Amino acid sequence: MIRFLAFLVALQIAPFATAQSVNLAEKVATGDAARWAIQLDLKGELIFDVDGKKETTRLEAKARHLFTHRVLSVNEGMAGSTARLYTEAVASAVIASERMDRTLPANRTLIVAQRNPDGLFCFAPAGPLTRDELDLVTEHFNPQCLAGLLPNKAVEVGESWLLSSAAVHTACLFDAVIKADVRGKLTAIKDGLATFTIEGTAEGVENGGRVTVAVTATGTFDVNAGRVVALNWKQTDDREQGPVSPASRVEATIAVRRDKATELPNELADAAIAKLPQGDIPATMTDLRYTDPKERYTLTHSRDWHLTGRTDSHLVLRLLDGGQFAAQATVGVWKPVEPGKHSPPDEFKKAASEAPGWVPTKVLADGELSTSPGHWLYCLVVEGKMDTLQVVQKFYLLAGPQGKQVVVTVAMKPDWVKPVGDRDLALVKTIDFGKK
């Protein structure tokens, strides 16, 4: 009888013992602030096509980011725009045996991060970033996605949900989502903390290249605080070769920790936030800057120009238009002349016609162009063949007041001449030689 009564009691309390539920929702509001620590460990390989054969190169990277952010706007239930103040932003990568280190300079630690339809957009109110600095603040895990990882409703242990396209777009750092099947699941509730997992696959586009991603993650949700406080995110990427990046296979492990911001730094106080630009962002904040390693020249450029190569004497930039390869610009140092002088145009035209593999067939334009005071600019536009490919090349010669000169060669297919327009000329006109 005692065992029978105990069985009846067990039947009555079992539903209450197993049907644990929690309101797994995070309400994001303008003005919210938090402190973040994000640690990245990445291993994999870059894949190159060399003479029709696949060759691989080892890739390893580590990064650490510490910052406080404040929410400036909200959309789709997630932080749409935030102001980040970095106290630490460092990354190191080893490709084959070459090591590269990145960090933020002291005058670029305030960053505005916006979730846009075409991906994450970051800029520094203090002025242009370099491409390395931009990558440093855009390629780490974006915590603006955290609220989107949740179902934003009451769920029971064992219950799952499908992540929205917007959440996947933000979490995987895609420019665009092609398809996704990424799901969350509540796995436990204990001591005021709810544990959930994220698993699935997604396909998207980044910088014109297709990316396939597999995700496994575990998150911790503070029930009383109503927010995600920790996330361990593991992601494997299989990237096809794109117009500005090689193919790769990598595995990244990311640890995200969130703390309450008890005090706001002056840079994130109300008075400072009110001075941040609203609506259209000026080009002085969104353009990127480049300084030649030997300080022979500097330039600024729009973000659709991507740095793809650099040697002691040349800089190679590729222009993307809607994710497609539109043009390539090669900046090279030309022989110096006396201050206030420039090389004769005929000498420059002769050198341009003798470029290796280049067979000019028709001159489309030829002459001097207006530029900044003290500088002289000449442009030669020629149609011809580069090996067997029909192309149009623009050859620019720019001379500075001290007699320094650079040559900029811009190559594109004929059908890209009109879409490219004068974006190459705008690039050339930003070149400055400085005082050194």
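In this text the structure is predicted, and so the values were computed from the model without any measurement. (Residues numbered from 1 in each chain as written. Predicted model: local features only at pLDDT ≥ 70, side-chain atom pairs only at ≥ 80, totals over all residues. Heavy atoms only, no water.)

**Q** Sorry, what's going on with the environment of Pro414 here?
**A** Here Pro414 is to be found in the loop between β23 (405-412) and α7 (417-420). Between the alpha carbons of Pro414 and Glu368 there is a distance of 22 Å; along the sequence they are 46 residues apart. Each residue touching Pro414, except ones within four places of it in the same chain, is listed here: Glu383, Gln390, Val391 and Val392. (Helix = DSSP H or I, 4+ residues; strand = E, 2+ residues; numbered from the N terminus. Contact = heavy atoms within 4.5 Å.)

**Q** Any chance you could explain the pattern of salt bridges here in plain terms?
**A** Two side chains carrying opposite charge are able to pair once their charged atoms lie near each other. Summed over all chains, the structure comprises 26 salt bridges. Residue Glu45 is joined to Arg249 by a salt bridge in which the shortest nitrogen-to-oxygen separation is 2.5 Å. Taken together, the residues Glu45 in strand β2 (residues 33-50) and Arg249 in strand β14 (residues 247-260) connect sequence positions 204 residues apart. Note on Glu45: relative accessible area 22%, which makes it partly exposed. Exposure remark for Arg249: the relative accessible area of 41% places this residue in the partly exposed category. Arg423 is the salt-bridge partner of Asp321, the closest N and O atoms lying 2.6 Å from each other. Here Asp321 is found in strand β18 (residues 314-321), whereas its partner Arg423 is found in helix α8 (residues 423-429), with 102 residues between them in sequence. According to the relative accessible area criterion, Asp321 is partly exposed, its value standing at 26%. By relative accessible area, Arg423 is classed as partly exposed at 21%. Residues joined by salt bridges that share partners form a network here, namely Arg102, Asp132 and Asp135. (Salt bridge = Lys/Arg side-chain N within 4 Å of Asp/Glu carboxyl O. Buried < 20%, exposed > 50% of the residue type's maximum accessible area, 1.4 Å probe, protein only.)

**Q** I tried to follow the pairing of strand β5 (residues 98-103) on my own but got confused; where do I start?
**A** If a strand is regular, its side chains alternate between the two faces of the sheet. With respect to burial, β5 is a largely exposed element, only zero of its six residues being buried. Sheet topology places strand β4 (residues 78-95) next to β5; six bridges connect them, and they run antiparallel. In the strand pairing of β5, Ala93 is matched with Met100. A loop of two residues connects β4 with β5, the two strands running antiparallel in sequence, and Ala96 in this loop sits at a positive phi of about 60 degrees. (Pairing = 2+ DSSP bridges.)

**Q** What am I meant to see in the side chain of Thr68 here?
**A** Relative to the elements of secondary structure, Thr68 occurs in strand β3 (residues 53-75). The exposure class assigned to Thr68 is buried, which follows from its relative accessible area of 12%. Excluding its chain neighbours within four sequence positions, the residues that come into contact with Thr68 are Ala34, Arg35, Ala83, Arg84, Leu85, Ala261, Pro265 and Leu268.

**Q** Mind showing me how you'd approach empty space enclosed by the protein here?
**A** By rolling a water-sized probe across the atoms, one finds the places where empty space is left. Applying the stated rule across the entire model yields two cavities of 30 Å³ or more. Here the largest cavity defines a volume of roughly 60 Å³. As for the largest cavity, its lining consists of Arg115, Asn116, Gly119, Leu120, Asn142, His169, Thr170, Leu173 and Phe174. Elements with a minimum of two residues in the lining of the largest cavity: β6 (110-116), β7 (119-123) and α3 (165-171). Grouping the amino acids of the lining of the largest cavity by side-chain chemistry returns three nonpolar, five polar and one charged. The wall of the second largest cavity is formed by Leu163, Val168, Ala171, Cys172, Val182, Val215 and Trp233. Looking at the lining of the second largest cavity, its residues break down into seven nonpolar, no polar and no charged. (1 Å grid on protein atoms, 1.4 Å probe; cavity = no way out; pocket = protein on both sides within 12 Å on 5 of 7 lines; lining within 4 Å. Points joined across faces, edges and corners; volume = space filled by probe spheres on them. Nonpolar A, V, L, I, M, F, W, Y, C, P; charged D, E, K, R; others polar.)

**Q** What should I look at first to understand the packing of aromatic side chains in this one?
**A** Here a ring pair, both rings aromatic, is described through the centre-centre distance and the interplanar angle of the planes. Across all of its chains, the model carries eight aromatic pairs by this definition. Where Tyr290 meets Tyr297, the ring centres are 6.3 Å apart and the plane angle is 40 degrees; that geometry is what we call tilted. By the burial criterion, Tyr290 is buried, and Tyr297 matches it. Consider the rings of Phe348 and Tyr378, whose centres lie 6.0 Å apart with planes at 85 degrees: the pair is edge-to-face. Within this pair, whereas Phe348 is found in helix α6 (residues 345-353), its partner Tyr378 is found in strand β21 (residues 376-386), the two being separated by 30 residues in sequence. Neither Phe348 nor Tyr378 differs from the other in exposure class; each is buried. Ring pairs connect the aromatic residues Trp334, Phe348, Trp376 and Tyr378, which therefore count as one cluster. (Phe/Tyr/Trp six-rings, centres within 6.5 Å; stacked < 30°, edge-to-face > 60°.)

**Q** I would appreciate a short explanation of unusual backbone geometry in the present structure.
**A** A negative phi angle is the norm for most residues apart from glycine, just as the trans form is the norm for most peptide bonds. Positive phi values are uncommon outside glycine, yet Glu76 reaches one of about 55 degrees. Following the sequence through the fold, Glu76 ends up in the loop between β3 and β4. Of note, the phi angle at Asn207 is positive, near 50 degrees, even though the residue is not glycine. Relative to the helices and strands, Asn207 resides in the loop between β11 (193-206) and β12 (209-222).

**Q** Can you help me understand the sheet that holds strand β19 (residues 324-334) in this one?
**A** Two modes of strand pairing occur in sheets, parallel and antiparallel, and in both the strands are linked by backbone hydrogen bonds. Spatially, the seven strands line up as an open sheet ordered β17-β18-β19-β23-β22-β21-β20, and their pairing is antiparallel. This sheet does not close on itself; its edge strands, each paired only once, are β17 (305-310) and β20 (358-369). On average, each strand axis in the sheet is tilted by 20 degrees relative to the strand beside it, whichever way the strands run. Bridge count for β17 against β18 is five bridges, and the pairing is antiparallel. Note on β18: the bridge partner recorded for Arg310 is Leu315. Against the sheet, α6 engages β19, β20, β21, β22 (389-399) and β23, with an angle of about 25 degrees to β21. (Axes fitted to C-alpha atoms, helices over the stretch in contact; angles between N-to-C directions.)

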